[in-house]
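Spelled out from the first residue to the last, the chains are:
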Amino acid sequence: MTVNGHQNGHAANGAGNGVVSNGDPSRYWVKPFVPNGAESFEDAKARFAKLIRDEDVAHWEEHGYVIIERFLSPQELEKADAAWQTHMPTWDEYISKEVAYKSLAGTSGRHVPGSTAAGVRYDFPYANDTLNQLAIHPFLVAFAERLAGRDDLLMSLGHLIGKYAGNGNFEQSLHSDYSNNTLVIPSKDSTWIDIPMITYLTDVTLDLGPTYVVSHQHTEPRKLMYDGFRHHTREDFPELYEVEKPAVVPAGSVIIYSMRTFHRGSAITAKEGCRIVQFTGFHTPNAPWMAPMDHQHRMGSAEMNRFLCYADAGQRQLIGFPPVGHAYWNDPDVVEAVGKRYPQIDMAPYRRNAK
Ligand SMILES: O=C(O)CCC(=O)C(=O)O
Ligand SMILES: [Fe+2]
């Protein structure tokens, strides 16, 4: 079942990209973006923005979430598979070395052993270019820009998370995600908005811990954001659990939701299997109370250097790097010094406005 009411993705858009798959080709299976090639990130975003369906935006506006099935092409998924497997075991690897892998935590400072959000957890940026690029896929950024109505968003978060059958209780209560994403609470006003997303890198079946989500239609009229509880338990709010819907989706799909959207991770009831996802989010740059991506311990890391050097200038901007043309680059000494810090970054575009 799908939660959007439209089955298996989208009809072919006639782009003629010749992709062969098990289902209909998705309209998003167009030329992938490659940083620092002929196309800028801006142009790639514009290309993907044209593919966004008005009804998907309308669904998000009405329900507080939308699921886009199979936005990643089979080729992208194949690369993504190889990429997550550099960080986490497949199910077969996991079960063949269960003792060793059971305690695998990843490197995230936000890994809380035993919590329902645990699992193996790595934070963006990763030691892998494909994973980094997936986190800021031009389609995801374009969709967030469309919802926010501006094109200068910043990345809020990035986590690669693996959950394995039999290794923990992942059953959560319905909640909104804001406690570590804003100092206050997420208001309705999209002037300052943070847009979270979960990209599913493996098939999610009912027994592999789907995300459950509740439409705004059920939560907004009741002002559940304002009742002082972030977690709404089954005991106290049974009626919410009657209207929640599972995001049962094929690998390569994404749920784009909001910080006001009630949702939850659920138990893996299958005996075998794992669910690998990447959380990301993008927010408007006008709200210091919101989503301060905690760069402090990442700046200067090998992963951050790797991300910055591989990325396009428009992608660096997503994490706060001064944009091309910004007055920061007016001082030629500064441009050259940053070039020395990151010898692999092409400084030519930044050099252009050095006076
Ligand atoms: O993993 C999921 O599907 C959702 C998890 C979640 O909502 C959370 O950890 O805040
Ligand atoms: Fe959550």
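Higher on the page you've got the structure.
Below you will find a few notes about this structure. Quantities reported herein were computed from a predicted structural model and do not represent experimental measurements. (Residues numbered from 1 in each chain as written. Chains lettered and ligands numbered in written order. Predicted model: local features only at pLDDT ≥ 70, side-chain atom pairs only at ≥ 80, totals over all residues. Heavy atoms only, no water.)

**Here's the deal with the packing of helix 1 (residues 41-49) against helix 7 (residues 138-148)**
Argument step 1. Where helix 1 meets helix 7, the axes come as close as 8 Å, and the angle between the chain directions of the two elements is 70°. As far as their axial angle goes, helix 7 and helix 1 are roughly perpendicular. Taking contact as the criterion, the partners of Phe41, Ala44, Lys45, Phe48 and Ala49 in helix 1 are, on helix 7, Pro138, Phe139, Val141, Ala142 and Glu145.
Argument step 2. Partitioning the contact of helix 1 with helix 7 into residue classes produces 8 nonpolar, no polar and 2 charged. (Axes fitted to C-alpha atoms, helices over the stretch in contact; angles between N-to-C directions. Helix = DSSP H or I, 4+ residues; strand = E, 2+ residues; numbered from the N terminus. Parallel < 35°, antiparallel > 145°, perpendicular 65-115°, else oblique. Contact = heavy atoms within 4.5 Å. Nonpolar A, V, L, I, M, F, W, Y, C, P; charged D, E, K, R; others polar.)

**A word on the sheet that holds strand 1 (residues 66-68)**
Argument step 1. Pairing is antiparallel in the open sheet, where 6 strands are placed in the order 1-9-5-11-3-2. Sheet topology places strand 1 and strand 2 (120-123) at the edges, where each strand pairs with a single neighbour. Strand after strand, the sheet turns through a mean of 20° between neighbouring axes, direction not considered.
Argument step 2. Of the strand pairs in this sheet, strand 1 and strand 9 (residues 253-256) are connected by 3 bridges, and their pairing is antiparallel. Bridge pairing in strand 9 places Ile68 opposite Val254. (Pairing = 2+ DSSP bridges.)

**Here we look at the pattern of salt bridges**
It is possible for side chains bearing opposite charge to pair when their charged atoms get close.
Argument step 1. Within this structure, the stated rule accounts for 17 salt bridges.
Argument step 2. A salt bridge links Glu55 to Arg53; the shortest N-O distance between them is 3.7 Å.
Argument step 3. The exposure class of Arg53 is buried, given its relative accessible area of 15%.
Argument step 4. The partner of Arg150 in a salt bridge is Asp152, with the nearest N and O atoms 2.7 Å apart.
Argument step 5. Looking at Asp152, the relative accessible area reads 30%, which means it is partly exposed.
Argument step 6. Through salt bridges that share partners, Glu171, Arg234, Glu244 and Arg264 make up one connected network. (Salt bridge = Lys/Arg side-chain N within 4 Å of Asp/Glu carboxyl O. Buried < 20%, exposed > 50% of the residue type's maximum accessible area, 1.4 Å probe, protein only.)

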